[in-house]
Amino acid sequence: MQKLDIIVKTLEDKLADDINVIKLEDSSVADYFVVATGNSVNQTRALADYIEEALAKEGYDVLSNEGLREGEWILIDVSDVIVHIFTHKQREFYDIDNLWEN
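The paragraphs below set out a description of the structure included in this document. The structure displayed is predicted, hence computed values, not measured ones.

Per the stated rule, a full pass over the model turns up three aromatic pairs. Judged by centre distance (4.7 Å) and plane angle (50°), the rings of Trp-73 and Tyr-94 are tilted. With Trp-73 in strand β4 (residues 73-77) and Tyr-94 in helix α3 (residues 88-94), this residue pair connects regions lying 21 residues apart in the sequence. Residue classification places Tyr-94 among the partly exposed positions, given a relative accessible area of 36%. Its end group placed over the ring of Tyr-50, Lys-14 keeps NZ or CZ at 4.3 Å from the ring centre.

And the structure:
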């Protein structure tokens, strides 16, 4: 299973809200952003943990993660896929979907 599929399936299975996959055209940052929302800080942290576990199980390495401590906006860097997990308030504030969508 590909990284992107593992990430999206895990988010769906763990009931993340408003999952959005953004294909980045001609970007040196990554090929895809995956943006999702958790209903609480505890859920955002749990979603990040589940993603990292699912990727590790399939042999994929997470390069880094940021924001786990606060849990408001968690970023997981998996090389060509970057996952953003927000609380509702932070997702609305940063509006990353509209910044990056074509």
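We now examine the nonpolar core. The biggest cluster of nonpolar side chains holds 19 residues, and the ones touching the most others in it are Ile-7, Leu-11, Val-34, Ile-51, Ile-76, Val-83 and Ile-85. Elements with a minimum of two residues in this core: α1 (3-13), β2 (32-38), α2 (41-57), β4 and β5 (81-87). Apart from the residues within four sequence positions on either side, Ile-51 is in contact with Ile-7, Thr-10, Leu-11, Ile-76, Val-83 and Ile-85. Grouped together as the second largest cluster of nonpolar side chains are eight residues, Ile-22, Leu-24, Ala-30 and Phe-86 included.

Each α-helix winds once per 3.6 residues, and so residues spaced three or four apart point in a common direction. For α2, which comprises 17 residues, the first-to-last C-alpha distance of 24 Å matches the rise-based estimate of 24 Å (1.5 Å per residue) to within 8%. For α2, every residue scored as buried is listed here: Gln-43, Thr-44, Leu-47, Ala-48, Ile-51, Ala-54 and Leu-55. Viewed along the axis of α2, the buried residues span an arc of 140°, placing them on a single side of the element. Of the exposed residues in α2, the ones pointing more than 90 degrees away from its buried face are Asn-42, Glu-53, Ala-56 and Lys-57. Its buried side turned inward, α2 meets α1, β2, β4 and β5. Note on α2: the residue one or two positions beyond its end, Gly-59, has a positive phi of about 90°.

Here is what the cut-offs are and how they apply
Residues numbered from 1 in each chain as written. Predicted model: local features only at pLDDT ≥ 70, side-chain atom pairs only at ≥ 80, totals over all residues. Heavy atoms only, no water. Phe/Tyr/Trp six-rings, centres within 6.5 Å; stacked < 30°, edge-to-face > 60°. Helix = DSSP H or I, 4+ residues; strand = E, 2+ residues; numbered from the N terminus. Buried < 20%, exposed > 50% of the residue type's maximum accessible area, 1.4 Å probe, protein only. Lys NZ or Arg CZ within 6 Å of the ring centre and 35° of its normal. Core = buried A, V, L, I, M, F, W, Y, C linked by side-chain atoms within 4.5 Å. Contact = heavy atoms within 4.5 Å. Expected span 1.5 Å × (residues − 1). Arc of directions from axis to C-beta.

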